[in-house]
Amino acid sequence: FDQIYDALVTYRDNVHDGEGALTVPPNFVVPDCDPWPEQTRGLPLGKKIPTVRLKSYLKANPGAQEKLKKIGFEFDGKVAA
């Protein structure tokens, strides 16, 4: 979870326009450059988002839902699409 969270925070701070909830396009891949943390580079972040929204994923990663809420993550895939 930490890798995805770090990538989402960097995405929010450097790519997201700050309007509305934090959403990531399905085809977004983390670039291999600064300011992206090394452990996130090359991560297919857009493809990971549907998994992050799953209740089973959130249950398996205690505290994840609260951390994601704090950065404005959009949990409803229908809204994000």
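Please refer to the structure higher up on the page.
Predicted, not measured: the structure shown is a model, and the values here were computed from it.

### Observations regarding the nonpolar core
In step 1: If you look at the biggest cluster of nonpolar residues, it comprises 21 residues, and the most contacted ones within it are Leu8, Leu45 and Leu68.
In step 2: Listed by contribution, the elements that provide at least two residues to this core are helix H1 (2-14), helix H2 (45-52), helix H3 (55-60) and helix H4 (64-70).
In step 3: By residue number, the principal contributor to this core is H1, which donates six residues.
In step 4: The contact partners of Leu68, leaving out residues within four places of it in the chain, are Phe1, Tyr5, Leu8, Val52, Leu58, Phe73 and Phe75.

### Concerning H2
In step 1: Those residues of H2 not exposed but buried are Leu45, Gly46, Ile49 and Val52. The buried side chains of H2 occupy one side of the element, clustering within an arc of 100 degrees when seen end-on.
In step 2: Looking at the buried side of H2, the elements it contacts are H1, H3 and H4.

### Observations regarding the side chain of Thr40
In step 1: Looking at the element boundaries, Thr40 is found in the loop between H1 and H2.
In step 2: Once you skip the residues sitting within four places of it in the chain, Thr40 turns out to touch Gln3, Asp6, Ala7 and Val30.

### Some remarks on the side chain of His16
In step 1: Within the secondary structure layout, His16 lies in the loop between H1 and H2.
In step 2: A polar atom in the side chain of His16 sits 3.5 Å from the backbone oxygen of Ala21.

### Concerning the pattern of salt bridges
In step 1: Counting across every chain of the model gives three salt bridges.
In step 2: Of the charged contacts, one joins Arg12 and Asp13 as a salt bridge, the two residues approaching to 2.9 Å between their closest N and O atoms.
In step 3: The closest approach of N and O atoms between Arg41 and Asp34, which form a salt bridge, is 2.7 Å.
In step 4: On the basis of relative accessible area, Arg41 is assigned to the partly exposed category, the value being 25%.
In step 5: Taken together, the salt bridges that share partners define one network made up of Asp32, Asp34 and Arg41.

### Looking at H1
In step 1: Here H1 contains 13 residues, and its C-alpha end-to-end distance of 18 Å stays within 8% of the 18 Å for a straight helix at 1.5 Å per residue.
In step 2: Looking at H1, one finds that the buried residues are Ile4, Tyr5, Ala7, Leu8, Val9, Thr10 and Tyr11.
In step 3: In the core, the buried residues of H1 are packed alongside H2, H3 and H4.

Quick notes on the rules
- Residues numbered from 1 in each chain as written.
- Predicted model: local features only at pLDDT ≥ 70, side-chain atom pairs only at ≥ 80, totals over all residues.
- Heavy atoms only, no water.
- Core = buried A, V, L, I, M, F, W, Y, C linked by side-chain atoms within 4.5 Å.
- Buried < 20%, exposed > 50% of the residue type's maximum accessible area, 1.4 Å probe, protein only.
- Helix = DSSP H or I, 4+ residues; strand = E, 2+ residues; numbered from the N terminus.
- Contact = heavy atoms within 4.5 Å.
- Arc of directions from axis to C-beta.
- Polar contact = N/O pair within 3.5 Å; in protein donor to acceptor, adjacent residues only side chain to side chain.
- Salt bridge = Lys/Arg side-chain N within 4 Å of Asp/Glu carboxyl O.
- Expected span 1.5 Å × (residues − 1).

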